[in-house]
Amino acid sequence: MAGNDWINSYLEAILDVGPGLDDAKSSLLLRERGRFSPTRYFVEQVITGFDETDLHRSWVRAAATRSPQERNTRLENMCWRIWNLARQKKQLEGEEAQRIAKRHLERDRGRREAIADMSEDLSEGEKGDIVSDISAHGDSNRGRLPRISSVDAMETWASFQKGKKLYIVLISLHGLIRGENMELGRDSDTGGQVKYVVELARALGSMPGVYRVDLLTRQVSSPEVDWSYGEPTEMLTPTNSESFMEEMGESSGSYIIRIPFGPKDKYIEKELLWPYIPEFVDGALNHIIQMSKVLGEQIGDGQPVWPVAIHGHYADAGDAAALLSGSLNVPMLFTGHSLGRDKLAQLLKQSRMSRDEINTTYKIMRRIEAEELALDASEIVITSTRQEIEQQWRLYDGFDPIIERKLRARIKRNVSCYGRFMPRMVIIPPGMEFHHIVPHDGDMDGEAEGNEDHPHSPDPPIWSEIMRFFTNPRKPMILALARPDPKKNITTLVKAFGECRPLRELANLTLIMGNRDGIDEMSSTSASVLLSILKLIDKYDLYGQVAYPKHHKQSDVPDIYRLAAKTKGVFINPAFIEPFGLTLIEAAAHGLPIVATKNGGPVDIHRVLDNGLLVDPHDQQSIADALLKLVADKQLWAKCRQNGLKNIHLFSWPEHCKTYLTKIASCKPRHPQWQRTDDGTENSDTDSPGDSLRDIQDISLNLKFSLDGDKNEEENAGDGRSKLENAVLTWSKGFVRDTRKAGLSEKSDQNTGKFPTLRRRKHLFVIAVDCDTNTDTLETAGKILEAFEKERTEGSVGFIFSTSMSISEVHSFLVSGGLSPSDFDAFICNSGSDLYYSSLNLEDSPFVLDLYYHSHIEYRWGGEGLRKSLVRSVASINEKNSENERIIVENEQVLTEYCYAFKIQKPGMVPPVKELRKVMRMHAFRCHVIYCQNGTKLNVIPIMASRSQALRYLYVRWGVDLSNVVVFVGESGDTDYEGLLGGVHKTAILKGVCANNQLHANRNYPLSDVVPSEGPNIIQVTEDCSSSDIRSSLEDAGVLKG
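Since the model is a prediction, treat every value here as computed from it, not as a measurement.

Q: Can you lay out the nonpolar core for me, pointing to particular residues and giving the numbers?
A: Counting 111 residues, the largest nonpolar core has Ile171, Phe280 and Leu954 as its most contacted members. If near-sequence neighbours (up to four positions away) are discounted, Phe280 is found in contact with Ile171, Leu173, Leu216, Thr217, Ile259, Phe261, Ala320 and Leu324. Of all hydrophobic cores here, the second largest spans 72 residues; its members include Phe469, Ile490, Phe497 and Val529.

Laid out in structure tokens, this is it:
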């Protein structure tokens, strides 16, 4: 294992000791004298740690021990430690193998059932590429993306784009992001992704047809980082935009927008950001809405200009983008950069930590769930390579390349997909800016490099910093640029160089391994790798042939490439797996041939550039042979250099952005429906599987289950859509539809104030307490209403009832408790899939249904296809019960068009919610599965719907200030409970209420990974939860004045 060479030194030292290890008497004497207890040492110092870094520290202490007997005993214990490590590694590998086998069986079963539902056999069209939209280059045309190959083609495309004025939102949350002097490598969160998103935003802002690009990130106002990261807005200087300057407007261009969220005045790592993502979403939502209004005044004829897409980068931003996409009803894109399931597999393979330790350290299960949610919500997933799709994304419940292939073929033939959806996987390699790069044509024997303005400019300082290491600096330079990480496989490179005498005679080796002050100050993993390299240099006596400078600036990197090219050197990336390999493109742009790993992205890059050789990173001899071949064969070197320079434009930012914008254009436009124009722009020739047209029978079936019991009232109506409208309008319970536009509703109700009444409230209190019984819920709701009776009477405070109940159940609930619908301004029902307002005319109809909310959440809703699959799954669960009793049954009395409800008669015998989510995703259904009422009810609702998203909808449509909202919850609740806790609104947790709920006992990750345990927006109400306690708690928090 790379970086663990010191283990051999343990064994060598133990062997060198000789008979001392077997000298039981000496060990016994040590025990008897009380100077040292091996047993105690073994338990306290060795077994307690599992990470190999603990073992390394133990070895250092043992080696430093002066007493020979004590040292021998310690080394004996080290042997036992190594044995214990190997034993646990084998045990973990066995457990992981069983887990993988089980997962394969589950995936195969889900795939078979999904394909069986779509009854048609695979046609020739469905037997095409495993994954659609996969690009390939070189001689093969399989799945190739269209690319611009000439200036004329770019100009033609640019002229087509000129009439558009697009607004694009990018999100990258972690790390330190700024436009200039990026501190890449400052920490593990500020790396290649930071550079990528900044350059993408800058490049998109310079493209024709793009009016504005916002890169949203976290505002960090901390004394430990530069002040620039606390600036709320930073404009990115455009590149190559001279020809488009005449199109620039007042707010056009690319900007970094920093949204404050999380701990103030503190910079924290990405693993600690998870609880604060809802707070970011609310802040970002406010910015986007305000910016849409501003752009509407400038370029939208007074109508808001909504983003054409929201693009999340990495899992945390994917989670945020999914919530923002649902809140605004706009398309979402996602780029994973690195994926949690792949990282989990790699960490388990290393056997340094158990699964629980990995989850505690990296919050890996929270990250994986965010990535699954991003798959649920994304229209397009952008990847860099085919390897990322075929070996990484296929590990996820929400993506199956075989089902994706079948769905794509059905879409092309306009055949129903029965509510199933898979996001499109699109390969778009990262771009690069090449205009400033001038490949060096000289060599070390020529004159000093210069230019027309400064023909004799001095060499860059980094050159002398590197060349001081070499005895003969004129030899070709083998350049590796990577951080000291075991995955980068630098130790194998040094071994290959050290053991190949011809290569050592022909070339020097330069290792650029980040920045360091002292080895002791580095992380244990990085220090271990660096120490191994230094030992190898000493072992092979490579002094004067290997350079490893301690410091370099980001601006020095181009000069390092130029130096390697000037010496007619080679660039190498020997990583075990390289997701993409941006450094390979950078090296090619400077005229350097490459040697790269054959695992991952370099395969695609080599197919395009054809400028080097691919090697097996585990084969030391293969690495040496490839390097020697390029260094020794000058004709091959020149050919590879020329090929790279000739084809490098295919990885330019304009090329990347052209493909990017083309893919966005293929998405079906979506935005808030009450703002929609009827100009036909919503039609798309490339509708995703979830957008397949339902036939009339599907619509009538949806009608049947959408009216809370009045199923047959309009069976004879001719048109399916009019069925739904007429049935709702004549519903005996008096629920009417809100068919008024926002503007018309104000006009029609001008005598009674704004409709709905929540628009004129100073504060809104949301009762979202999920008690086991209606009696407990009524008692708690009564206390909350009583606590603010004065403000309720004055009209400054309004109430919203948020529940898993249907509207008919809510009506009965209110009547039983002596409450009136007018006591509440709105009702969020069916776990967030329906939104009602209290009517202004209570005698005729107590509730008004917001149909625009349905259009807001219907994206990717499985409809009748999902319902049929759920019914079949329920039957399967019931059949497995040996007692012949039904465990779960469909609740036809409360079914609605956007909520399929089931009664659970034996809560202890149903699978946990995480298993149901997995099954739905493996069947390609995109929905939320929620256990309610302490596990006695199951609601299945659209992926874009939730009780927390309904509150954001009220902000988007009615302008409700979320910072003036207080959500009352118990200590636990339904399985959507966590979504109610985070955000800019206040959350009042009622102690002692819903305290015994067991729905959250079987979670993938602790609740602390989702919501902050404390903070300015969390209000803890005392155990008694009386009306006075509730009121005083809000007064203490500054919500109300005493």
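Q: Please provide a residue-by-residue account of the side chain of Ser254, values included.
A: Turning to its location among the elements, Ser254 is positioned in strand S4 (residues 253–259). On the basis of relative accessible area, Ser254 is assigned to the buried category, the value being 4%. Residue contacts for Ser254: discarding those within four places in its chain leaves Ala201, Arg202, Gly205, Val213, Glu234, Met235 and Leu236.

Q: Before we move on, could you go through the pattern of salt bridges and cite the residues and values that matter?
A: A side chain with one charge can pair with a side chain of the opposite charge if their charged atoms come near. With the rule as written, the count across this model stands at 42 salt bridges. With a closest N to O distance of 3.0 Å, Arg921 and Glu369 form a salt bridge. Residue Arg921 is located in helix H33 (residues 913–922), and its partner Glu369 is located in helix H12 (residues 364–377); the two are separated by 552 residues in the primary sequence. When sorted by exposure, Arg921 lands in the same class as Glu369, which is buried. One salt bridge connects Arg957 with Asp850, and the closest N-O pair in it is separated by 2.9 Å. Placement of the pair is Arg957 in helix H34 (residues 947–958) and Asp850 in the loop between strand S20 (847–849) and helix H31 (851–857), with a sequence separation of 107 residues. Of the two residues examined, Arg957 and Asp850, each falls in the buried class. Each member of the salt-bridge network shares a partner with another, and the members are Arg178, Glu183, Arg186, Asp187 and Asp226.

Q: Can you lay out the packing of helix H10 (residues 340–350) against helix H11 (residues 355–362) for me, pointing to particular residues and giving the numbers?
A: Viewed as axis vectors pointing N to C, H10 and H11 meet at an angle of 130°, and their least axial separation amounts to 10 Å. The pairing of H10 with H11 is recorded here as oblique in orientation. Like other packed secondary-structure pairs, H10 and H11 cross with a definite hand, here right-handed. Residues Lys343, Leu344, Leu347 and Leu348 of H10 touch H11, and the partners they reach there are Arg355, Ile358 and Tyr362. Of the residues that constitute the contact of H10 with H11, the class distribution is five nonpolar, no polar and two charged.

Q: Describe the packing of aromatic side chains, listing the residues and the values that go with them.
A: Evaluation of the coordinates by the stated rule reveals 19 aromatic pairs. Between Tyr196 and Trp653, the aromatic rings sit 5.8 Å apart at their centres with planes inclined by 50°, giving tilted as the arrangement. Residue Tyr196 is located in helix H7 (residues 192–205), and its partner Trp653 is located in helix H24 (residues 653–665); the two are separated by 457 residues in the primary sequence. Tyr196 gets classed as buried once you look at its relative accessible area, which sits at 10%. An aromatic cluster is built from Phe801, Phe813, Phe824, Phe827, Tyr836 and Phe847, whose rings are joined through pairwise contacts. When the ring centre of Tyr255 is taken as reference, the NZ or CZ atom of Arg212 above it lies at 4.1 Å. Here Arg670 stacks its cationic end above the ring of Tyr859, 3.7 Å away from the centre of that ring.

Q: Tell me about helix H22 (residues 620–632), and please be specific about residues and values.
A: Look at H22: 18 Å from first C-alpha to last across 13 residues, which is about the 18 Å you get at 1.5 Å a residue. Every buried residue belonging to H22 is among Ile623, Ala624, Ala626, Leu627, Leu630 and Val631, and all of these are buried. The arc that holds the buried residues of H22, viewed along the axis, is 165°, so those residues lie on one side. With a side-chain oxygen positioned 3.1 Å from the backbone nitrogen of Gln621, the residue opening H22 is Asp619.

Q: Quick rundown of the environment of Tyr548? Include the residues and the values.
A: Secondary-structure assignment places Tyr548 in the loop between strand S11 (546–547) and helix H19 (557–566). As for Tyr548 and Phe469, which are separated by 79 residues in sequence, their C-alpha atoms are 8.0 Å apart. Once residues lying within four places of it in the same chain are set aside, the contact partners of Tyr548 are Phe469, Leu511, Met513, Arg516, Leu534 and Ile537.

Q: Got a sec to walk through the sheet that holds strand S5 (residues 309–313)? Specific residues and values, please.
A: Spatially, the eight strands line up as an open sheet ordered S3-S4-S2-S1-S5-S6-S7-S8, and their pairing is mixed. Each of the sheet's edge strands pairs with one partner strand only, and the pair in question is strand S3 (233–236) and strand S8 (424–427). Averaged over neighbouring strand pairs, the angle between their axes works out to 25° when direction is ignored. Direction of pairing for S5 relative to strand S6 (residues 332–335): parallel, over a ladder of four bridges. Bridge pairing in S6 links Gly312 to Phe334. Packed on one face of the sheet, helix H9 (residues 314–328) meets strand S1 (166–171), S5 and S6 and runs near 160° to S5.

Q: So, the sheet that holds strand S10 (residues 508–512): which residues are in play, and what are the values?
A: Strand order in the open sheet made by the six strands is S11-S10-S9-S12-S13-S14, with parallel pairing throughout. Each edge of the open sheet carries a strand with a single partner, namely S11 and strand S14 (612–615). In the sheet, strand S12 (residues 570–573) pairs with strand S13 (residues 594–597) via three bridges, with the strands oriented parallel. For Asn573, the partnering residue across the bridge sits in S13 and is Ala596. This element, helix H20 (residues 582–589), spans strand S9 (477–481), S12 and S13 of the sheet and lies at about 175° to S12.

Q: Could you give an account of the packing of helix H16 (residues 490–499) against H22, with specific residues and numbers?
A: Contact geometry of H16 with H22 gives a least axis separation of 9 Å together with a crossing angle of 65°. For H16 against H22, the interelement crossing comes out right-handed. Two secondary-structure elements touch here, H16 through Thr492, Leu493, Lys495, Ala496 and Glu499 and H22 through Gln620, Ile623, Ala624 and Leu627. Tallied by class, the residues present in the contact of H16 with H22 amount to five nonpolar, two polar and two charged.

Q: Quick rundown of the pairing of S8? Include the residues and the values.
A: Neither face of S8 is exposed, since Arg424 and Val426 on one face and Met425 and Ile427 on the opposite face are all buried. Where strand S7 (residues 380–383) and S8 come together, four bridges link them in parallel fashion. Following the sheet pairing, Ile380 is matched in S8 by Arg424.

Q: Explain the pairing of S1 to me, using residue names and the numbers behind them.
A: When you tally the buried positions in S1, you get six out of six residues, the bulk of the element. On S1, burial covers both faces: Leu166, Ile168 and Leu170 on one face and Tyr167, Val169 and Ile171 on the other are all buried. Bridge count between S1 and strand S2 (residues 210–218): six bridges; the pairing is parallel. Residue Leu166 lies in a different strand from S2, and its bridge partner there is Val210. In this fold, S1 hands off to H7, which returns the chain to S2; that crossover is right-handed. Relative to S5, S1 runs parallel, the two being bridged by four bridges. Residue pairing across strands places Leu170 opposite His311, the latter belonging to S5.

Thresholds, definitions, all that
- Residues numbered from 1 in each chain as written.
- Predicted model: local features only at pLDDT ≥ 70, side-chain atom pairs only at ≥ 80, totals over all residues.
- Heavy atoms only, no water.
- Core = buried A, V, L, I, M, F, W, Y, C linked by side-chain atoms within 4.5 Å.
- Buried < 20%, exposed > 50% of the residue type's maximum accessible area, 1.4 Å probe, protein only.
- Contact = heavy atoms within 4.5 Å.
- Helix = DSSP H or I, 4+ residues; strand = E, 2+ residues; numbered from the N terminus.
- Salt bridge = Lys/Arg side-chain N within 4 Å of Asp/Glu carboxyl O.
- Axes fitted to C-alpha atoms, helices over the stretch in contact; angles between N-to-C directions.
- Parallel < 35°, antiparallel > 145°, perpendicular 65-115°, else oblique.
- Left-handed = near helix turned anticlockwise from the far one by under 90°.
- Nonpolar A, V, L, I, M, F, W, Y, C, P; charged D, E, K, R; others polar.
- Phe/Tyr/Trp six-rings, centres within 6.5 Å; stacked < 30°, edge-to-face > 60°.
- Lys NZ or Arg CZ within 6 Å of the ring centre and 35° of its normal.
- Expected span 1.5 Å × (residues − 1).
- Arc of directions from axis to C-beta.
- Polar contact = N/O pair within 3.5 Å; in protein donor to acceptor, adjacent residues only side chain to side chain.
- Pairing = 2+ DSSP bridges.
- Right-handed = clockwise from strand over helix to strand, strands pointing away.

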